[in-house]
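A look at the structure
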Amino acid sequence: RRLGVALVGLGGYSTDLLGPALRLTRHCRLAGLVTGSPHKIAKWQETYGVPDAAIYGYDDIHRIADNPDIDVVYIATPNHLHKPLTLAAANAGKHVWCEKPMAMDAGEGEAMIRACRDNRVQLAIGYRMQHEPNSRRFMEMARTQPFGGIVQLRADAGWFGWRQGADDAWRLDPARGGGAMYDMGVYCVNASRYSTGLEPVAVRAWDETTRRDIFQGVDETMRFTLEFPGDITAACVTSFGRDLNTLHVDCERGWYELSPFQSYDGNVGRASDGTRFTAQLGASPRMQAEQMDQDALAILEARPPRAPGEEGLRDMRVLDAAFASARSGGERVRIAG
Ligand code: NAD
C-alpha cells in the first residue's frame, strides 16, 4: 500500500525536492496540500493531480482528519511553525514527518513528541543524512571502530541560503527560526552524534557573526565545541557566509571523512588507509525518496522510524545549550539529559 502524504508549505524544499521525490517513492504518493498561497495551487494540481477536496489552508488543516486518503502530514514550513502544525496534524490523527530543525527549542520538541504519542501517530524528523549510505556506514563505524577509538571530530556546514525563501527571507528573522545554527548547525550536531554513537554532555559556543547589518538577532556564523564522554570533542562551524561541508573523524589509528557530508546528490569520502566512501542512492532527489520510503515502511510495519522525534529533541537540547553558551560569550554549558 502507498501512504497518502500531504505536504505543508509549498516553498523551495517542497517544490524542488519533496514533490519530485514523492514521485520516485515506492510506498508514498502525494495526496494533499496545505498552503497559505492559493496562487501556487493550480501548478501543483497540474503537476501532481491532487483533487480540490485535498487542498487545505493553514487555518483549516484540522479538516484533514476527515480525509482518509491522507495518512501522513509532512511539514516543510519555516521553523517556528513546526510545533503548532505538528500538534494540529497529530490531533487530526495523522502521522507526522517534520523538517529539521525539529522546533525552536527542546520544550517545543517535547510537546510535539507528547502530542504524537497521545494520538498514537508516528513522528519522524527529516534527517535525510540518516538514510544516506556513507553516513550510515559512519554510524556503523562508531560501533566497529576500524581505526580504534574516536579521538576528535570536525563538522562544518554552511551555505549562502539566507537570501533564499519562496516568499521572504524568514531565515533572517529570529521570530521564525532564522540563523545558521537552526538551518545548518543541526547537521553538525546530528552528524557528531551519529558518528560517535554518543550523546554530548556539554557545549561551548561563540557567535562569530560579522555582518550585523544583515544578520540582526540571528547568527550568521556560529563556532561551537561539543564535549562527549571519554574526552571526545567535536569542533563545529556553521555559517550563512561560507560554503562548508565536511565531516572529519580522527581516531587512534587513522581517520575518515565525508566531504561533502550533507549534499543532496550524495556524499563521498575517504579514509587514511585508502578506503573510499562512494556508495550512492542516485541523483537528487533520490535521498528524499529513500527517506520517505523508509519512514513509510516504519508506519506500515508499525516500528519506530530511523529518526524519530526523540532524535530531533536531542539536537534541540544541544542547540538550547549552544545558544545559552553563545550568549555568555563561550562559557561551558551542560546539555540537558
Ligand atoms: P521556503 O522559504 O522556500 O519555503 C517556506 C514555505 O512556507 C513557503 O511556501 C511559505 O509560503 C510558507 N510559509 C508559511 N508560513 C510562513 C511564514 N509565516 N513565513 C514565511 N513562509 C511561510 O523554505 P524551505 O527552504 O522550503 O524550508 C522549509 C523547511 O524545510 C525549513 O524547516 C527548512 O529547515 C527545511 N529544509 C530542509 C532541508 C533538508 O535538506 N532536509 C532543505 C531545505 C529546507
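Rules used throughout
- Residues numbered from 1 in each chain as written.
- Predicted model: local features only at pLDDT ≥ 70, side-chain atom pairs only at ≥ 80, totals over all residues.
- Helix = DSSP H or I, 4+ residues; strand = E, 2+ residues; numbered from the N terminus.
- Buried ≥ 20, exposed ≤ 12 C-beta atoms within 10 Å, placed from the backbone.
- Contact = placed C-beta atoms within 7 Å.
- Domains from an automatic or database assignment.
- Axes fitted to C-alpha atoms, helices over the stretch in contact; angles between N-to-C directions.
- Parallel < 35°, antiparallel > 145°, perpendicular 65-115°, else oblique.
- Left-handed = near helix turned anticlockwise from the far one by under 90°.
- Pairing = 2+ DSSP bridges.
- Nonpolar A, V, L, I, M, F, W, Y, C, P; charged D, E, K, R; others polar.
- pLDDT = per-residue confidence, 0-100.

What about the overall build of the protein?
- Helix and strand counts for the protein come out as eight helices and 15 strands.
- Across the 337 residues that make up the protein, the buried fraction comes to 50%.
- A separation threshold of at least 6 residues defines the contact pool for the protein, and within that pool the share at least 24 residues apart is 68%.

Observations regarding the domain arrangement of the protein
- Splitting the protein by domain gives domain 1 (3-127 + 288-306) and domain 2 (129-282 + 315-334).
- In this structure, domain 1 and domain 2 have C-alpha centres spaced 25 Å apart.
- Counting residues at the interface gives 19 residues for domain 1, matched by 19 residues for domain 2.
- Residue contributions to the side of domain 1 that touches domain 2 peak at three residues, all from helix α7 (residues 286-300).

Let's talk about the environment of Leu87
- Its place among the elements puts Leu87 in helix α3 (residues 82-91).
- You can call Leu87 partly exposed: it has 18 C-beta atoms within 10 Å.
- Remark: the alpha-carbon pair of Leu87 and Gly36, spanning 51 residues in sequence, is separated by 18 Å.
- Beyond its immediate chain neighbours, meaning those up to four positions away, Leu87 contacts Met112 and Ala115.

A word on the packing of helix α1 (residues 12-22) against α7
- Running from amino to carboxyl end, α1 crosses α7 at an angle of 55 degrees, the nearest separation of the two axes being 8 Å. Taken as axis vectors, α1 and α7 run oblique relative to one another. For the crossing formed where α1 meets α7, the hand is right-handed. Side by side, α1 and α7 meet where Leu17, Leu18, Ala21 and Leu22 of the first sit next to Gln288, Ala289 and Met292 of the second.

Description of the sheet that holds strand β11 (residues 244-251)
- Taken in spatial order, the nine strands line up as β14-β13-β12-β11-β7-β10-β9-β8-β15 in an open sheet, and their pairing is mixed. Only two strands of the sheet have a single partner each, and these edge strands are β14 (276-277) and β15 (333-334).
- Two elements, strand β8 (residues 202-207) and strand β9 (residues 221-228), share six bridges in a ladder whose sense is antiparallel. Of the residues in β9, the one forming a bridge with Ala205 is Phe224.
- Along the sheet, helix α6 (residues 180-196) contacts β7 (150-158), β9, β10 (232-239) and β11; its crossing angle with β7, the most-contacted strand, is approximately 155 degrees.
- Here helix α8 (residues 309-327) sits on the sheet and contacts β8, β9 and β15; the angle it forms with β8, its principal contact strand, is near 50 degrees.

Overview of the sheet that holds strand β2 (residues 28-34)
- With parallel pairing, six strands are arranged side by side in an open sheet as β3-β2-β1-β4-β5-β6. Edge strands, defined here as strands with exactly one partner in the open sheet, are β3 (55-56) and β6 (123-125).
- One ladder, built from four bridges, connects strand β1 (residues 3-8) with strand β4 (residues 72-75); its direction is parallel. Bridged to Val5 within β4 is Val72.
- Packing of α7 onto the sheet brings it into contact with β1, β2, β5 (95-98) and β6, and relative to β2 it is tilted by some 95 degrees.

Focus: the packing of α6 against α8
- Axis separation between α6 and α8 bottoms out at 10 Å; the angle between their running directions is 115 degrees. In the crossing of α6 with α8, the sense of the turn from one axis to the other is right-handed. Residue-level inspection shows Met181, Gly185, Val186, Val189, Asn190 and Arg193 of α6 in contact with α8, the latter providing Arg314, Asp315, Val318, Leu319 and Ala322.
- Looking at side-chain class alone, the contact of α6 with α8 contains six nonpolar, two polar and three charged residues.

Observations concerning the confidence of the model for the protein
- Per-chain confidence: the protein averages 96 in pLDDT, with 98% of residues scoring 70 or above.
- Predicted complex metrics record ipTM = 0.99 and pTM = 0.98.

Some thoughts on unusual backbone geometry
- With omega at 10 degrees, the peptide bond leading from Ser259 into Pro260 counts as cis.
- Topologically, Pro260 is positioned in the loop between β12 (254-258) and β13 (269-271).
- Ser284 connects to Pro285 through a cis peptide bond whose omega is 10 degrees.
- Among the secondary structure elements, Pro285 is positioned in the loop between β14 and α7.
- Phi is positive for Arg120, close to 55 degrees, though the residue is something other than glycine.
- Within the chain, Gln145 stands out as a residue other than glycine whose phi angle is a positive 50 degrees.
- Inspection of the secondary structure puts Gln145 in the loop between α5 (133-144) and β7.

Overview of the environment of Pro38
- Note that Pro38 resides in the loop between β2 and α2 (41-48).
- Sequence separation between Pro38 and Arg242 is 204 residues; the distance between their C-alpha atoms is 35 Å.

A few points about the pairing of β1
- Burial runs high along β1: five of the six residues are buried.
- Examined bridge by bridge, β1 and β2 share six bridges and lie parallel to one another. Note that in β2 the partner of Leu3 across the bridge is Cys28.

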